[in-house]
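Here are the chains, one letter per residue:
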Amino acid sequence: MPLFLLLSCFTQGPRDWGAVDPLTQPLPAAPRKLGKSELSEQDYAQMISWGEELFRSGAYGTERGITDVAGVFMGTYEKPCGQMAGEGCFVEAPVMAIYVQALDALDGVEGNLFSGNGGVEGKGYTHDLVLRFPPGSRLYGKIPLPEEVHTGLDVEAGASWPLGLPAVPVEGEALSYLPQPDQLGAGPAAPGAVRFRLTCALCHYSLDVDQDGVTDLHSARRDQPTAGSPYKPEHSWGVGNQDLAIGWIVALAANPLLLAPVFSGPIAPKNEEEAIRWVEWVRDNYKENRQEVLADIVVGLLLQPRGYSDVTPNGLFDTSQLPNLYTAGNWPSNTDGAFPDPTDRNNLVWTGTLDFTGLIGTCAERAGSVALPWEPKTLFQSLPCDTLVDMMLRYSPAGVAYPERLDDLKANVLGTSDGQPGLMNPEDLYLIPGSPALPEEIAEMPINAERLRSAADYGPTGPWRATELAPLGYRIHSGGKIRQEWKIDDLASRYPDVPVDEILNHSINLMLDWMQPPPNETTLLANAAALLGQGREVFEEAGCDDCHRGPYGTDNLLHPISEDPRIQYGGPKAPSTAGWRVLDRGQGPAINTPAWRGLDSRTLRRLVSPPYDPATGELTGAGSPLSGLLGVQRIGYKSTILRNLWISAPFLHDGSVGVALRRPGSDDLAARLALAGTDAVVYGMGPILAEREKDVAQGPRPDAALSLQALLLRSERERVQAGNRREVLPVVPGSAFDGSASGWVSMAQLGAFGTGHDFYVRDVPGGRDITALVAYLLAQDDCPARMPGEGCP
């Protein structure tokens, strides 16, 4: 049989999950293995502790990119001159002063931000840090600043800085642009400057665990429980921060241009070409028309909805809800399946997301032109490396303060001076040649002689996932000061089949798998226990368990983006890459979600991602262009796990199916579901967010029961889709936009349509079957056989 025919018959590993009864069987315990060896209790606890610290506080040099280049909260705003000045008079003022004042004011006592800020038992905590600006303030001459900007940042009791943005003391030369805490007007502090580090906790921790707008915890540290709370500190880990306003945080930075291709773009773009034209306009005008370009970028930033983030560097709006991170038994742990090995996914997050200067690896001469010929053009093909690095740095705090050093800083980001692209600490990184993002001439610099590694250094599966090990050409390791301080070699010596340099990567994975969702506190199941068995029957009769099966409610398989092979394999305007093969053996039903998000990872999935066994998460072979192009390589989205649904609304991969109550509703589940279609209910995430922005603390939030009903009843989904098409979100908060675009946009124009997962049950809102099914889904927590309040063994 010809090779291409053999490849076309390829299917992924075993999918016999055996008999699983979610109503009687507890979820399996998370594995406690490091490599092939069982971890001792002591070593397991140590790994969890390391993972927590890395997730919370970081350990790698992201602070230079976040402070020296992005300048988070280091921008300026324009405030009115005062009563004696003429109308239209404005003066520039530092955002940092407003930021620090808001932090210092949390406990009601001025001047103690760096000496306790209320203490662990005090009042100095919040799940939503509010910045208060003088009335009439603005940004870039045209963008009104609300008097209260709700950032969604979480601050623990006794902490000086928010979760996810800790301060790192600066050693060595004092640079004029760096913040000095003892000079910020918030009380005494240790002398010297600091940088701010971006960590995972910014998006994936929340002290409002159940997302009802009330702070549930004073601290997320395990040794600081909150008296009277039903939640433990670790329940704040992994809960997506639904209050976070990414757009405002970046808009108030000194250099929003750095993140323009990721978080901004043309207003309501219709296609990729429009996004590319916008980026080319930025490229051609950012030098001569700074104010106009930065204002346009900030307008785009402010279109990132609260609780959503766009991490796709394509100039389009692909907003996705910040997700929960409960990964035990959930392979691959990212929904598009581009990284079957979670340690590889962790590395891309650290090197490409937490250090945005790492995007230099996408410039035209490096990775910007790497794509299948039928795939849409990427915006980075329009950005030569010298141009992209200048766009990154020209308006950075470091570049503005020391223009004479700008060329040296550019060389540092390009990697031509220190052999390491980006601004992470080279001592924490190894280079792995093979990625076009790392030019050969940089990899072979003498300074890199001790940093070079190969796929063979990463265990038996290393060669199978060679390209995924380091998409940007470099990979974090367990090195630098932290290796000695944490005595990592001592633990690694007991587990010789795992490279010591991967210990910290594994610690993050173990911590994520160890995390459990918070206890189920929904009141909607109090009188619905008798419905659970019936709900399971509806679940099975509707075929839901074809995909949501096994001990974690997922088959761990990727399902096609679309039934249309042109979209699935080659882009909306391209021919199929496998038109002769239409059976799609073993892939299951298409979820028919919008293709935008799939375009970014489709090439990676086709050409390099290795296959994996969905029952174990173990890789089963090597990814290759030949098998990807000719075989049945999965491209799409993975079946999500059914855990924590009671507080996980909105639903779908883009977080677009949401229904909310305008006022408190009945605790009787059937009665609540029967409210559908009344004026008590808001349909679609656009209208929900628009109403919430009018009152961030008390405004409507997606209701899990009504949102699940909308996910599974066609008539309700159509209402959600109509809501998502409503243009109710202001382009500029507080005013109609005076540019060429409409003053209002819809959630659909931001990429959240409410389409996809077209699998429905036949019933009416509040009907017998849908009520039972929603009850069954609401009970899918760690102890689905037990009702809320009964505890879990």
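Residues numbered from 1 in each chain as written. Predicted model: local features only at pLDDT ≥ 70, side-chain atom pairs only at ≥ 80, totals over all residues. Heavy atoms only, no water.

1. Re the overall build of the protein chain
Turning to step 1, where the next piece is worked out: What the protein chain contains, in helices and strands, is 28 helices and 20 strands.
Turning to step 2, where the next piece is worked out: Within the span of the protein chain, comprising 793 residues, buried residues form 60% of the whole.
Turning to step 3, where the next piece is worked out: Of the contacts made within the protein chain by residues no fewer than 6 positions apart, 74% connect residues no fewer than 24 positions apart.
Turning to step 4, where the next piece is worked out: Per element, the accessible surface of the protein chain, about 30500 Å² overall, is 52% carbon and sulfur. (Helix = DSSP H or I, 4+ residues; strand = E, 2+ residues; numbered from the N terminus. Buried < 20%, exposed > 50% of the residue type's maximum accessible area, 1.4 Å probe, protein only. Contact = heavy atoms within 4.5 Å. Areas by Shrake-Rupley, 256 points an atom, 1.4 Å probe, with all protein chains shown as cover.)

2. Re the packing of aromatic side chains
What describes a pair of aromatic rings is the distance from one ring centre to the other and the angle between the planes of the rings.
Turning to step 1, where the next piece is worked out: For the coordinates displayed, the defined rule picks out 13 aromatic pairs.
Turning to step 2, where the next piece is worked out: A ring pair is formed by Phe 539 and Tyr 776, whose centres lie 5.2 Å apart and whose planes are at 50°; its orientation type is tilted. Taken together, the residues Phe 539 in helix α20 (residues 531–541) and Tyr 776 in helix α28 (residues 768–778) connect sequence positions 237 residues apart.
Turning to step 3, where the next piece is worked out: For Phe 539, a relative accessible area of 6% gives the class buried.
Turning to step 4, where the next piece is worked out: A connected cluster of aromatic rings, assembled from ring pairs, spans Phe 73, Tyr 99, Phe 114, Trp 161 and Phe 196.
Turning to step 5, where the next piece is worked out: Positioned above the aromatic ring of Tyr 395, the side-chain terminus of Arg 290 is 5.1 Å from the ring centre.
Turning to step 6, where the next piece is worked out: Above the face of the Tyr 402 ring, Arg 405 is positioned so that its terminal group lies 4.3 Å from the ring centre. (Phe/Tyr/Trp six-rings, centres within 6.5 Å; stacked < 30°, edge-to-face > 60°. Lys NZ or Arg CZ within 6 Å of the ring centre and 35° of its normal.)

3. A few points about the state of the cysteines
Turning to step 1, where the next piece is worked out: Taken as a whole and assessed by the stated rule, the structure comprises two disulfides.
Turning to step 2, where the next piece is worked out: Shown here is the disulfide that connects Cys 81 with Cys 89, its sulfur atoms set 1.8 Å apart. Taking the sign of the S-S torsion, about -80° here, the bridge from Cys 81 to Cys 89 comes out left-handed.
Turning to step 3, where the next piece is worked out: The exposure class of Cys 81 is partly exposed, given its relative accessible area of 28%.
Turning to step 4, where the next piece is worked out: Disulfide pairing places Cys 363 opposite Cys 385 at an S-S distance of 2.0 Å. The S-S bond linking Cys 363 to Cys 385 shows a torsion near 65°; that makes this disulfide right-handed. Of the two residues, Cys 363 is situated in the loop between α10 (342–353) and α11 (364–368) and Cys 385 in helix α12 (residues 385–393); the sequence distance between them amounts to 22 residues. (Disulfide = S-S within 2.5 Å.)

4. Points about the environment of Asn 346
Turning to step 1, where the next piece is worked out: With respect to the helices and strands, Asn 346 occurs in helix α10.
Turning to step 2, where the next piece is worked out: Assessed through its relative accessible area of 11%, Asn 346 is described here as buried.
Turning to step 3, where the next piece is worked out: In the structure, Asn 346 is positioned 159 residues away from Asn 505 in sequence and 7.0 Å away in space, judged by C-alpha atoms.
Turning to step 4, where the next piece is worked out: In this structure Asn 346 touches Asn 505, Ile 508 and Asn 509, once residues within four positions along its chain are discounted.

5. Considerations on the environment of Gly 754
Turning to step 1, where the next piece is worked out: Looking at the secondary structure, you find Gly 754 in the loop between β20 (744–745) and α28.
Turning to step 2, where the next piece is worked out: The exposure class of Gly 754 is buried, given its relative accessible area of 0%.
Turning to step 3, where the next piece is worked out: Aside from chain neighbours lying at most four places away, what touches Gly 754 is Leu 652, Asp 654, Ser 656, Val 657, Arg 717, Gln 721 and Asn 724.

6. As for the packing of α20 against α28
Turning to step 1, where the next piece is worked out: Two elements in contact, α20 and α28, have axes whose closest approach is 7 Å; the angle formed by their N-to-C orientations is 100°. On the basis of their axis angle, the class for α20 and α28 is roughly perpendicular. Together, Leu 531, Leu 532, Gln 534, Gly 535, Arg 536, Val 538 and Phe 539 of α20 and Arg 768, Asp 769, Thr 771, Ala 772, Leu 773, Ala 775, Tyr 776 and Leu 777 of α28 make up the contact between the two elements.
Turning to step 2, where the next piece is worked out: Residue classes in the contact of α20 with α28 are distributed as nine nonpolar, three polar and three charged. (Axes fitted to C-alpha atoms, helices over the stretch in contact; angles between N-to-C directions. Parallel < 35°, antiparallel > 145°, perpendicular 65-115°, else oblique. Nonpolar A, V, L, I, M, F, W, Y, C, P; charged D, E, K, R; others polar.)

7. What about the side chain of Ser 639?
Turning to step 1, where the next piece is worked out: Its place among the elements puts Ser 639 in the loop between β16 (636–638) and β17 (659–661).
Turning to step 2, where the next piece is worked out: Using a relative accessible area of 6% as the deciding quantity, one classes Ser 639 as buried.
Turning to step 3, where the next piece is worked out: In terms of polar contacts, Ser 639 uses its side chain to reach the side chain of His 559, at 3.0 Å.
Turning to step 4, where the next piece is worked out: Setting aside anything within four residues of it in sequence, one finds Ser 639 in contact with Cys 547, His 548, Thr 554, Asp 555, Leu 557 and His 559. (Polar contact = N/O pair within 3.5 Å; in protein donor to acceptor, adjacent residues only side chain to side chain.)

8. Focus: the pattern of salt bridges
Turning to step 1, where the next piece is worked out: This structure, assessed with the given rule, holds 31 salt bridges.
Turning to step 2, where the next piece is worked out: In this structure, Arg 221 and Glu 53 form a salt bridge, with 4.0 Å as the shortest nitrogen-oxygen distance. Linking Arg 221 in the loop between α5 (201–204) and α6 (246–251) with Glu 53 in helix α2 (residues 41–57), this pair joins segments that are 168 residues apart in sequence.
Turning to step 3, where the next piece is worked out: With a relative accessible area of 27%, Glu 53 lands in the partly exposed category.
Turning to step 4, where the next piece is worked out: One salt bridge in this structure joins Lys 410 and Asp 390, with 2.7 Å as the shortest N-O distance. With Lys 410 in helix α14 (residues 406–414) and Asp 390 in helix α12, this residue pair connects regions lying 20 residues apart in the sequence.
Turning to step 5, where the next piece is worked out: Accessibility expressed as a relative area gives 4% for Asp 390, which makes it buried.
Turning to step 6, where the next piece is worked out: Through salt bridges with shared partners, a single ionic network connects Asp 341, Asp 344, Arg 465, Arg 475 and Glu 502. (Salt bridge = Lys/Arg side-chain N within 4 Å of Asp/Glu carboxyl O.)

9. Thoughts on the confidence of the model for the protein chain
Turning to step 1, where the next piece is worked out: The predicted model of the protein chain has a mean per-residue pLDDT of 87, with 90% of residues at 70 or higher.
Turning to step 2, where the next piece is worked out: Counting contacts from residues 1–14, a segment whose pLDDT is below 50, to residues more than four positions away or on other chains yields 28 contacts.
Turning to step 3, where the next piece is worked out: In the predicted structure, residues 571–586 sits below a pLDDT of 50 and forms 35 contacts with residues beyond four places in sequence or in another chain. (pLDDT = per-residue confidence, 0-100.)

10. So, the nonpolar core
Turning to step 1, where the next piece is worked out: If you look at the biggest cluster of nonpolar residues, it comprises 203 residues, and the most contacted ones within it are Phe 73, Tyr 99, Leu 131, Ile 503 and Leu 778.
Turning to step 2, where the next piece is worked out: What Tyr 99 contacts, discounting residues up to four positions off in sequence, is Phe 73, Leu 129, Leu 131, Leu 153, Trp 161, Pro 162 and Leu 165.
Turning to step 3, where the next piece is worked out: Tyr 430, Ile 432, Ala 455 and Leu 469 belong to the second-largest nonpolar core, a separate cluster that totals six residues. (Core = buried A, V, L, I, M, F, W, Y, C linked by side-chain atoms within 4.5 Å.)

11. Thoughts on the environment of Val 745
Turning to step 1, where the next piece is worked out: Position of Val 745 among the secondary structure elements: in strand β20.
Turning to step 2, where the next piece is worked out: In this structure Val 745 comes out as buried when scored by relative accessible area, which is 2%.
Turning to step 3, where the next piece is worked out: Sequence separation between Val 745 and Leu 729 is 16 residues; the distance between their C-alpha atoms is 5.2 Å.
Turning to step 4, where the next piece is worked out: Ignoring sequence-local partners within four residues, the contact set of Val 745 consists of Ile 267, Ala 268, Leu 303, Arg 726, Glu 727, Val 728, Leu 729, Val 731 and Leu 750.

12. Observations concerning helix α9 (residues 290–301)
Turning to step 1, where the next piece is worked out: Its 12 residues give α9 an end-to-end C-alpha distance of 16 Å, which sits within 8% of 16 Å, the value for a rise of 1.5 Å per residue.
Turning to step 2, where the next piece is worked out: Of all the residues in α9, the buried ones are Val 293, Leu 294, Ala 295, Ile 297, Val 298, Val 299, Gly 300 and Leu 301.
Turning to step 3, where the next piece is worked out: Where α9 is buried, its residues contact β6 (138–139), β7 (143–144), α6, α7 (260–263) and α8 (272–285). (Expected span 1.5 Å × (residues − 1).)

13. Structural notes on the side chain of Ser 382
Turning to step 1, where the next piece is worked out: Here Ser 382 lies in the loop between α11 and α12.
Turning to step 2, where the next piece is worked out: Exposure remark for Ser 382: the relative accessible area of 5% places this residue in the buried category.
Turning to step 3, where the next piece is worked out: Other than its neighbours up to four places away in sequence, Ser 382 contacts Ile 276, Glu 280, Arg 283 and Lys 377.

14. Concerning the packing of α2 against helix α19 (residues 503–514)
Turning to step 1, where the next piece is worked out: Contact geometry for α2 and α19: axes closest at 7 Å, N-to-C directions at 95°. Put simply, α2 runs roughly perpendicular to α19. Taken together, the residues of α19 that come into contact with α2 (itself represented by Tyr 44, Met 47, Ile 48, Trp 50, Gly 51, Glu 52, Leu 54 and Phe 55) are Ile 503, Leu 504, His 506, Ser 507, Ile 508, Leu 510, Met 511, Leu 512 and Trp 514.
Turning to step 2, where the next piece is worked out: For the contact of α2 with α19, the per-class residue count stands at 13 nonpolar, three polar and one charged.

15. Focus: α19
Turning to step 1, where the next piece is worked out: For α19, spanning 12 residues, the distance from its first C-alpha to its last is 16 Å, which sits close to the expected 16 Å at 1.5 Å a residue.
Turning to step 2, where the next piece is worked out: Taken across its 12 residues, α19 has 10 buried, putting it largely inside the fold.
Turning to step 3, where the next piece is worked out: Within the span of α19, buried status applies to Ile 503, Leu 504, Asn 505, Ser 507, Ile 508, Asn 509, Leu 510, Met 511, Leu 512 and Asp 513.
Turning to step 4, where the next piece is worked out: Here the buried face of α19 lies against β1 (33–34), α2, α10, β14 (474–476), α17 (480–485) and α18 (488–492).

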